[in-house]
Amino acid sequence: MGQTQAEHVSQHRRVRSFVRREGRLTRGQARTLARLFTRYGLECGDERLDPQALFGPRIPMILDIGFGSGEALAELAARYPQQGYLGIEVYRPGMGQLLRRLELEAIDNVRLVCADAVEIMRHNIADSTLAGIQVFFPDPWPKQRHHKRRLVQPDWVALAACKLIAGGFLRLATDWQDYAEHMLAVVERSARFINTAGPGQFAPGPGDRPATRFERRGRDKGHGVWDLLFVRR
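Computed from a predicted structure; not experimentally measured.

What counts, and where the lines are drawn
Residues numbered from 1 in each chain as written. Predicted model: local features only at pLDDT ≥ 70, side-chain atom pairs only at ≥ 80, totals over all residues. Heavy atoms only, no water. Phe/Tyr/Trp six-rings, centres within 6.5 Å; stacked < 30°, edge-to-face > 60°. Lys NZ or Arg CZ within 6 Å of the ring centre and 35° of its normal. pLDDT = per-residue confidence, 0-100. Contact = heavy atoms within 4.5 Å. Core = buried A, V, L, I, M, F, W, Y, C linked by side-chain atoms within 4.5 Å. Buried < 20%, exposed > 50% of the residue type's maximum accessible area, 1.4 Å probe, protein only. Pairing = 2+ DSSP bridges. Helix = DSSP H or I, 4+ residues; strand = E, 2+ residues; numbered from the N terminus. Axes fitted to C-alpha atoms, helices over the stretch in contact; angles between N-to-C directions. Salt bridge = Lys/Arg side-chain N within 4 Å of Asp/Glu carboxyl O. UniProt positions renumbered as here; feature names shortened; annotations may be inferred. Polar contact = N/O pair within 3.5 Å; in protein donor to acceptor, adjacent residues only side chain to side chain.

### Observations concerning the packing of aromatic side chains
Okay, so step 1: Evaluated as defined, the whole model comprises zero aromatic pairs.
Okay, so step 2: Sitting over the face of the ring of F136, R209 holds its NZ or CZ atom 5.7 Å from the ring centroid.

### A look at the confidence of the model for the protein
Note: predicted coordinates in regions of low pLDDT should not be interpreted at a detailed level.
Okay, so step 1: For the protein, per-residue confidence averages 90 on the pLDDT scale, and 90% of positions sit at 70 or higher.
Okay, so step 2: Under a pLDDT of 50 for its full length, residues 6–13 has, in the predicted model, 14 contacts with residues more than four places off or in other chains.

### A few points about the nonpolar core
Okay, so step 1: If you look at the biggest cluster of nonpolar residues, it comprises 38 residues, and the most contacted ones within it are I133 and W156.
Okay, so step 2: Setting aside chain neighbours within four positions, we find W156 in contact with I65, V118, M121, I133, V135, L151 and L170.
Okay, so step 3: L76, L99, A173 and V225 belong to the second-largest nonpolar core, a separate cluster that totals 24 residues.

### Looking at the sheet that holds strand β2 (residues 84–88)
Okay, so step 1: On the basis of which strands lie adjacent, the open sheet formed by seven strands has the order β3-β2-β1-β4-β5-β7-β6 and mixed pairing. The strands lining the two open edges of the sheet, one partner per strand, are β3 (110–113) and β6 (193–195). The mean angle between the axes of side-by-side strands here comes to 20 degrees, regardless of whether they run parallel or antiparallel.
Okay, so step 2: The pairing of strand β1 (residues 61–65) with β2 spans five bridges and is parallel. Directly across from D64, in β2, lies its bridge partner G87.
Okay, so step 3: Against the sheet, helix α5 (residues 117–124) engages β1, β2, β3 and β4 (130–136), with an angle of about 150 degrees to β1.
Okay, so step 4: Against the sheet, helix α7 (residues 177–188) engages β5 (164–174), β6 and β7 (226–232), with an angle of about 15 degrees to β7.

### Observations concerning the pattern of salt bridges
Okay, so step 1: Overall, the coordinates contain 12 salt bridges when judged by the stated rule.
Okay, so step 2: Among the salt bridges present, the one from E71 reaches R213, with a minimum N-O distance of 3.4 Å. On the criterion of sequence distance, the pair formed by E71 in helix α3 (residues 71–79) and R213 in helix α8 (residues 213–220) is long-range, its members being 142 residues apart.
Okay, so step 3: Take R213: its relative accessible area is 45%, and that puts it in the partly exposed class.
Okay, so step 4: A salt bridge links R219 to E215; the nearest nitrogen and oxygen atoms lie 3.4 Å apart. Placement of the pair is R219 and E215 together in helix α8, with a separation of four residues, close to one helical turn.
Okay, so step 5: Beyond isolated ion pairs, a larger network of salt bridges with shared partners links R209, E215, R219 and D227.

### A short note on the UniProt feature "binding site: substrate" (unreviewed entry) in the protein
Okay, so step 1: On the UniProt side, "binding site: substrate" (unreviewed entry) is annotated at positions that read K143, D175, T212, R213, F214 and E215 here. Separation in sequence by 73 residues is matched in space for these annotated residues, since their most distant C-alpha atoms are 24.7 Å apart.
Okay, so step 2: By secondary structure assignment, the location of D175 is in the loop between β5 and α7.
Okay, so step 3: With sequence-adjacent residues up to four places away left out, D175 is seen in contact with F137, F214, G224, V225 and W226.
Okay, so step 4: Taking the relative accessible area as the measure of exposure, E215 reaches 4% and is therefore buried.

### A closer look at the UniProt feature "binding site: S-adenosyl-L-methionine" (unreviewed entry) in the protein
Okay, so step 1: When the UniProt feature table is mapped to this numbering, "binding site: S-adenosyl-L-methionine" (unreviewed entry) covers D64, E89, D116 and D139. Considering the C-alpha atoms alone, the annotated residues occupy 76 residues of sequence yet fold into one spot, their largest mutual distance being 14.3 Å.
Okay, so step 2: Among the residues examined, D116 registers a relative accessible area of 9% and is labelled buried.
Okay, so step 3: Among the secondary structure elements, D139 is positioned in the loop between β4 and α6 (154–163).
Okay, so step 4: Residue classification places D139 among the partly exposed residues on the basis of a relative accessible area of 25%.
Okay, so step 5: A polar side-chain atom of D139 sits 3.0 Å from the main-chain amide nitrogen of W141.

Structural data, given as structure tokens:
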């Protein structure tokens, strides 16, 4: 069987963009994970994810990578029940917090995966499937020698383009100016994306992206935030 377009992207050994800085998982978080992951969570294996099976007919699927404690993801899912959100995170305490909120607020248009997002994109999401991809405040890997670990790299941008439908969005946000400039340059080098703010420009604001406690604390300290919004040609 021939490879899909996405499977041609980056055949060499990949440098991971994350480490599992998990810390202590409390008993309550462990119980929440055990009880609710069977309802909201997915064990993907080798099979392709079917948006219709997950969310229903004609429901667009949006991928959220590295949602942390899930504040923004939960708020967007509650605001837009007509959209399905697939959240991927390796930080299990954060996943436990989000699962608790999904249950308390009866939010049912979210499904979660605890895995490497790039591997899920490559092996479990078919090409031209996603209506959008959002990555809010990924690890900036600020040291120069660690820049190769940053998620947003040319190979990943090519992979994202494969998975998005025509007109699908790629939405990024960071509070590290150096990473923001890197993201802008890398995505704009791809002929498959259009910068909605214009060439070389950041988005004028967060739009409907909810602010998290982490972001608000940073702004209180004078930190900047840079948003980018691209559309798949």
